[in-house]
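Residue-level listing of the chains:
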Amino acid sequence: MTFKETDFPSIFKFLKSILREESDPVLIKDILQQLIKLYEDVPLYPGITHMCLGGITKSLPAREVLVGQRIYIRNKGDCYIGTVESKDSDGVTLKHVKIVTSEDELEVGFKEMEKVTVLNEKILEELWPSLVFKKEVER
Amino acid sequence: MNNQTLKQNDFYLLVGPASLSVQSGEVEVIAAGIKAGQTLEVPSGKRVPVKAISDASLELKAPPESFSKMETSSIPEEWDNLAGRIASGHIMGRLYNVMVLGEVDTGKTFFCTYLANRLIEKKKRIGVLDCDTGQSDIGPPGAFGMLVMNSPTVFLSEEPATHLYMLGAHSPGLHFLPAMTGLSYMLEKARAGVDVLIIDTTGWVQGDGGRALKKAKLDFIKPDLVVLMQRGNELEHLVKHLPSSKVVRLPVSKKASPTSQMERKSLRELVSKRYFKNSRVFEIPFKQIITDRCYFLSGTPLPLEGTLHSERLSGWEGTLVISSGPLLMEMTKGWPKDLGRIMNFVSGHEKGLLIAFLDENQDVLALGRLEEIDFLNNCFRVRAPFPGDLNSIKCIQFGSVKVTENGEEAGFLEPGSF
């Protein structure tokens, strides 16, 4: 082993933690956009980009949200994203809302499929098979 | 303006901005003697100890509170002992390297200046190499600077660098290789011209990058002496492999004060503005020079419709395409299919980039600011304080930081962009 000559690996560790901790795909996308903006602003200092990443999001008590703020709400398996248009003692009204819900089953017609994507989890094996190793069993 | 009378061996602290003129007698500032008739300008943000070598009278242009008496010298006696040790340890004809390590704001530059001045007294030819490109005292920010000293000096930053090497950034992070090649270059220059080289380093001494780079530098320089300027034991991990006879530990002065990020930026810009003060704009034809640390003009020209410039690069590198805007699918439809990876750079983003003019020996002639790459006239337009012969410019080397016309900081360009 030797030392890392760049802080880029720390950014990947951050991405791993985001995937582990966040289930809202819109929030994840927005975090990634902020990450890219930070990197483009200071491309020479990935360590500073990483340092800033910890402060990109913050959780706050529901009653403390402000009118005009874009907020990400998670409730059990569902996510709501929108900008607070108004607020009263019971809750808030959001505008420009996106909703991500979870369903056990869903029927979708082909006509409703504008673009379909699947993941290729074997891309490393296809492009660079010499870098695919057998995992040694840990004792 | 006020007059001060000093008794021999009195010690004072002078805080800049201030001007000190010696009317009679002699004082010493950072081991540099200032005699009757001589004046010292202390810039804003700097403070220096003043020692009366003899009874002296001074004329000061500074608020009275800027000049305060100290009970004793703020310079430890061991600094003088160290100068004596180095002078006696130097073997004629062989370069003696002193490497100074310390975190930020530990007074490394102050110590290097003091040591250099004391060694000049001992008839040694002294070089000071400033590797701290983020807080440059010798040469502009973004470059290693070496000063070969002919006489003592109070502020290294007041002297023009004898040799420059462009790192291209304010930190060696992502620029480890230029940092090492720059060191190699400067050591070669030092071997040819000085007895003792004092190497002032960055304050990056911890974490993966700090450990990796400092160890590499120690391995490469093989210093005769390593000076640790530390508050506790924060540098010990760097010198575990060295015999104790090669390591000197100096406590950090309580007078070494921390500088904020913004103060450090202001100090960098002050040096940069001064460097670029007498700049003018040059046009350098593409055909006159080679380029370094970039892909541009390194391949085979390959005209492609709708582009400002395109060239086939080496092997799998593909094709560099410079366009006036982002590439659109329609533009590329008529292009050959064997271009490989397309590296697209949008013209205009190069504006402000720090560059260096190199001569035929790859020595830096001057640093400059890239105004534009002019594809209509096939030339670079560069602003630089270069008074020499334009024909001596044989290479343009590209950095990663950007500066304004005045030398203020203006952002970055991702390494490898073009």
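Everything numeric in this text was worked out from a predicted model, so none of it was measured.

### Here we look at the overall build of chain A
Now for step 1: Broken down by element type, chain A carries four helices and three strands.
Now for step 2: Along chain A, helices and strands appear, N-terminal first, in the series α-α-α-β-β-β-α.
Now for step 3: Its C-alpha atoms give chain A a radius of gyration of 20 Å, clearly above 14 Å, the size a compact globule of 139 residues would have.
Now for step 4: Its C-alpha atoms give chain A principal-axis dimensions of about 60 × 45 × 35 Å.
Now for step 5: Buried positions account for 6% of the 139 residues belonging to chain A.
Now for step 6: For chain A, restricting intrachain contacts to residue pairs at least 6 apart in sequence, the fraction spanning at least 24 positions comes to 34%.

### Quick look at the overall build of chain B
Now for step 1: Counting secondary structure elements, chain B contains six helices and 27 strands.
Now for step 2: Each of the three principal axes of chain B carries a C-alpha extent, and together these read 85 × 50 × 40 Å.
Now for step 3: Buried positions account for 39% of the 418 residues belonging to chain B.
Now for step 4: Expressed as a percentage of contacts within chain B between residues at least 6 apart in sequence, the contacts between residues at least 24 apart total 64%.

### Here we look at the interface of chain B and chain A
Now for step 1: The interface of chain B with chain A comprises 12 residues on the first partner and 10 residues on the second.
Now for step 2: At four residues, helix H4 (residues 207-221) of chain B tops the list of elements feeding residues into the side of chain B that touches chain A.
Now for step 3: Its residues assigned to classes, the side of chain B that touches chain A comprises five nonpolar, four polar and three charged.

### Points about unusual backbone geometry
Residues and elements named next belong to chain B.
Now for step 1: The peptide bond linking Gly16 to Pro17 adopts the cis configuration, its omega dihedral lying at 5°.
Now for step 2: Counting through the fold element by element, Pro17 comes out in the loop between strand S2 (11-15) and strand S3 (18-24).
Now for step 3: We note that Asn9 has phi near 70°; this positive angle belongs to a residue other than glycine.
Now for step 4: As for its placement among the helices and strands, Asn9 is situated in the loop between strand S1 (2-6) and S2.
Now for step 5: The exposed category is assigned to Asn9, around which 12 C-beta atoms lie within 10 Å.
Now for step 6: The backbone phi angle of Lys123 is positive, close to 65°, even though this residue is not glycine.
Now for step 7: Tracing the sequence through the fold places Lys123 in the loop between helix H2 (108-121) and strand S11 (126-130).

### Describing the domain arrangement of chain B
Now for step 1: Domain boundaries in chain B define domain 1 (2-70), domain 2 (77-272) and domain 3 (277-412).
Now for step 2: One C-alpha centre belongs to domain 1 of chain B, the other to domain 3 of chain B, and the line joining them spans 49 Å.

### A short note on the sheet that holds strand S9 (residues 67-70) of chain B
Residues and elements named next belong to chain B.
Now for step 1: Spatially, the five strands line up as an open sheet ordered S5-S4-S7-S2-S9, and their pairing is antiparallel. Both outer strands of the open sheet, strand S5 (32-35) and S9, are each paired with one neighbouring strand and no more. Adjacent strand axes in the sheet meet at a mean angle of 30° when their direction is disregarded.
Now for step 2: As judged from the four bridges shared by S2 and S9, these two strands associate in the antiparallel manner. By the bridge assignment for S9, Phe11 is matched with Met70.

### A short note on helix H1 (residues 77-89) of chain B
Now for step 1: With 13 residues, H1(B) should cover 18 Å at 1.5 Å per step; its first-to-last C-alpha distance of 19 Å lies within 8% of that length.
Now for step 2: Where the residues of H1(B) are buried, they touch strand S10 (96-102), H2, strand S14 (196-200), strand S15 (225-230) and strand S16 (247-251) of chain B.

### Some points on the nonpolar core
All names here are of chain B.
Now for step 1: With 99 residues, the main nonpolar core has Val98, Val100, Leu101, Val128 and Ile198 as its most contacted residues.
Now for step 2: Sort the elements by how many residues they give to this core and H2 lands first, with eight residues.
Now for step 3: Setting aside its immediate chain neighbours within four residues, Val128 contacts Cys112, Ala116, Ile138, Met146, Leu147, Met149, Leu156, Ile198 and Asp200.

### Some points on the confidence of the model for chain B
Now for step 1: Confidence in the prediction for chain B averages 95 pLDDT; 100% of positions are at 70 or higher.
Now for step 2: The complex model carries a pTM of 0.92, and its ipTM stands at 0.84.

### Describing the domain arrangement of chain A
Residue and element names in this part refer to chain A.
Now for step 1: Each assigned domain of chain A is listed here: domain 1 (1-57) and domain 2 (66-103).
Now for step 2: Taking only C-alpha atoms into account, the centre of domain 1 sits 25 Å from that of domain 2.
Now for step 3: Counting residues at the interface gives five residues for domain 1, matched by six residues for domain 2.
Now for step 4: Across the side of domain 1 that touches domain 2, the residue classes tally to three nonpolar, one polar and one charged.

### Some words on the pairing of strand S20 (residues 309-312) of chain B
All names here are of chain B.
Now for step 1: Here strand S19 (residues 300-301) pairs with S20 via two bridges, running antiparallel. If you follow Pro301 over to S20, its bridge partner there is Glu311.
Now for step 2: As defined by bridge partners, S20 adjoins strand S21 (residues 319-323) across four bridges and the pair is classed as antiparallel. Looking across to S21, one finds that Glu311 is bridged to Leu320.
Now for step 3: Once S20 ends, the chain turns through six residues before running back antiparallel as S21, passing Gly315 with a positive phi of about 50°.

### A look at the sheet that holds S1(B)
Residues and elements named next belong to chain B.
Now for step 1: Taken in spatial order, the four strands of this open sheet run S1-S8-S3-S6, and their pairing is antiparallel. With one partner strand each, in any of the chains shown, S1 and strand S6 (39-42) form the two edges of the open sheet. Neighbour to neighbour, the strand axes of the sheet diverge by 25° on average, direction disregarded.

### Section: the environment of Val346(B)
Residues and elements named next belong to chain B.
Now for step 1: With respect to the secondary-structure elements, Val346 resides in strand S22 (residues 342-346).
Now for step 2: Here Val346 falls in the partly exposed class, since 16 other C-beta atoms lie within 10 Å of it.
Now for step 3: Note: C-alpha distance between Val346 and Asp195 (151 residues apart in sequence) is 49 Å.

### Topic: the environment of Phe176(B)
Now for step 1: Residue position: Phe176(B) is located in helix H3 (residues 176-193).
Now for step 2: Here the alpha-carbon distance between Phe176(B) and Gly193(B), two residues 17 residues apart in the chain, equals 26 Å.
Now for step 3: In this view, Phe176(B) contacts Glu5(A) and Leu213(B); residues no more than four positions away in its chain are not counted.

The rules behind these values
- Residues numbered from 1 in each chain as written.
- Chains lettered and ligands numbered in written order.
- Predicted model: local features only at pLDDT ≥ 70, side-chain atom pairs only at ≥ 80, totals over all residues.
- Helix = DSSP H or I, 4+ residues; strand = E, 2+ residues; numbered from the N terminus.
- Rg over C-alpha atoms; globule rule 2.2 N^0.38 Å.
- Buried ≥ 20, exposed ≤ 12 C-beta atoms within 10 Å, placed from the backbone.
- Contact = placed C-beta atoms within 7 Å.
- Nonpolar A, V, L, I, M, F, W, Y, C, P; charged D, E, K, R; others polar.
- Domains from an automatic or database assignment.
- Pairing = 2+ DSSP bridges.
- Axes fitted to C-alpha atoms, helices over the stretch in contact; angles between N-to-C directions.
- Expected span 1.5 Å × (residues − 1).
- Core = buried A, V, L, I, M, F, W, Y, C linked by C-beta atoms within 7 Å.
- pLDDT = per-residue confidence, 0-100.

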